[in-house]
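# Overview (structure and organization)
Listed below, chain by chain, are the residues.
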Amino acid sequence: MEGLKDKVVVVAGASSGIGAASAHKLAKHGANVVVADISDDGARATAEAIMSSGGSAIPFRFDVTDESTIVALIAHVVETYGQIDGLHYNVADVALTPKDTNLLDIDPADWERMLRVNLTGLFLTMRQVIPHMLKQGGGAIVNTSSAAAFSGEPNIPAYASSKAGMNALTRHVASAYGRQGVRCNAIAPGAIATEGALAVVNVMGADKDEWYGRVRETLAHSHRDGEPEDVASLAAFLMSDEGSWINGQCISVDGGWLFR
Ligand SMILES: NC(=O)c1ccc[n+]([C@@H]2O[C@H](COP(=O)([O-])OP(=O)(O)OC[C@H]3O[C@@H](n4cnc5c(N)ncnc54)[C@H](O)[C@@H]3O)[C@@H](O)[C@H]2O)c1
């Protein structure tokens, strides 16, 4: 991929899992990556790992539930690099999942928290990023959605709703700003054994092998399990110039779980 060289890309939620893999992939293809996360140590660790393998990265601590930190993040990026070409939004409160039970049992405060982090956080972050993209003639946004936005499950109503909302917001941005050069796409991963996902699986009483076994037998149509890099590869392509005629899509990376 040539079309990422020297671009400035913020990966939000990049201390671990899919976001960290995306940050590495983008840097490998020549992007300057801003590793933004609520975990200061995690953001630093990802940025240091990228730099020690010859890439360009800086860490930044922010919390999507605190708008002033989103403003500070984007101001810092523009001050440091003079531009912002891409945003990959990965942030999700994965740890809330065991409390995201069903419509009748979920605590409304947990419902609000899930939507605040996964969806309102995206809304607020894009409001800071897009004016800069419009000023400089364009940019690319990639949002990590989920198969759960489409699949219909007896549990995780808040998570699924937040991701369905993300897909709608993705299409809104694509249609509102596409003609001015801003592209916005989403990726809907299936089950990927990140540390965050496995912590939830463990809390819910399964282990990695059981979980992946179930995914392999009942959901995915693939000979192997999914990895964070599978999502990162598509994110890098969508972010690059090679992906520049793709806009407003939500593309599944799920080993053939959802056929749409
Ligand atoms: N792993 C899967 O199976 C799977 C499947 C579908 C979708 N996804 C989505 O992929 C994305 C990444 O998930 P993951 O599995 O890598 O888990 P993860 O927990 O490793 O990633 C989430 C990241 O968001 C950060 N974060 C959480 N709250 C934050 C806040 N308030 N402000 C800033 N950062 C915050 C976390 O520190 C973490 O780095 C999420 O959006 C998730 O919903 C994951």
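Described in the following lines is the structure provided in the data block.

So, how was this worked out
Residues numbered from 1 in each chain as written. Predicted model: local features only at pLDDT ≥ 70, side-chain atom pairs only at ≥ 80, totals over all residues. Heavy atoms only, no water. Pairing = 2+ DSSP bridges. Helix = DSSP H or I, 4+ residues; strand = E, 2+ residues; numbered from the N terminus. Axes fitted to C-alpha atoms, helices over the stretch in contact; angles between N-to-C directions. Contact = heavy atoms within 4.5 Å. Parallel < 35°, antiparallel > 145°, perpendicular 65-115°, else oblique. Left-handed = near helix turned anticlockwise from the far one by under 90°. Nonpolar A, V, L, I, M, F, W, Y, C, P; charged D, E, K, R; others polar. Near = heavy atom within 4 Å. Polar contact = N/O pair within 3.5 Å; in protein donor to acceptor, adjacent residues only side chain to side chain. Areas by Shrake-Rupley, 256 points an atom, 1.4 Å probe, with all protein chains shown as cover.

Right, let's talk about the sheet that holds strand β7 (residues 250–253) for a bit. Taken in spatial order, the seven strands of this open sheet run β3-β2-β1-β4-β5-β6-β7, and their pairing is parallel. Two strands bound the open sheet, and with one partner strand each, they are β3 (56–61) and β7. Averaged over all adjacent pairs, the angle separating strand axes in this sheet is 20°, with direction ignored. Strand direction decides the pairing type here: strand β5 (residues 139–144) and strand β6 (residues 182–189), joined by six bridges, are parallel. Among the inter-strand pairings, Gly-139 is bridged to a residue of β6, identified as Val-182. Against the sheet, helix α6 (residues 157–177) touches β4 (86–89), β5, β6 and β7, its axis set at about 160° to β6. Contacts between helix α9 (residues 228–239) and the sheet are confined to β1 (8–12), β4, β5, β6 and β7, with β6 contributing the most and set at about 165° to the helix.

This part takes up the packing of helix α1 (residues 17–28) against α9. Contact pair α1 / α9: the axes reach a minimum separation of 8 Å and the direction vectors enclose 50°. Accordingly, the angle class assigned to the pair α1 and α9 is oblique. In this structure, the crossing between α1 and α9 has a hand that is right-handed. Along its contact with α1, which presents Gly-17, Ile-18, Ala-21, Ser-22, Lys-25 and Leu-26, the element α9 presents Pro-228, Glu-229, Val-231, Ala-232, Ser-233, Ala-235, Ala-236 and Met-239. Of the residues contributing to the contact of α1 with α9, the split by class is nine nonpolar, three polar and two charged.

The subject of this paragraph is the site of the ligand. The environment of the ligand is made up of 25 residues, and the closest members are Ser-16, Asp-37, Tyr-159, Ile-192 and Thr-194. Within the side chain of Tyr-159, one N or O atom sits 2.5 Å away from an oxygen atom of the ligand. One of the side-chain nitrogen or oxygen atoms of Thr-194 is found 2.6 Å away from an oxygen atom of the ligand. Expressed as a share of its isolated accessible area of 820 Å², the protein-covered part of the ligand is 91%. Grouping the amino acids of the shell around the ligand by side-chain chemistry returns twelve nonpolar, ten polar and three charged.

The phi angle of most residues is negative, glycine excepted, and most peptide bonds adopt the trans form. With phi around 70°, Asp-6 is a residue other than glycine that occupies positive phi space. The residue Ile-156 is not glycine, and still its phi comes out positive at about 45°. Summarising the element assignment, Ile-156 is placed in the loop between α5 (148–151) and α6.

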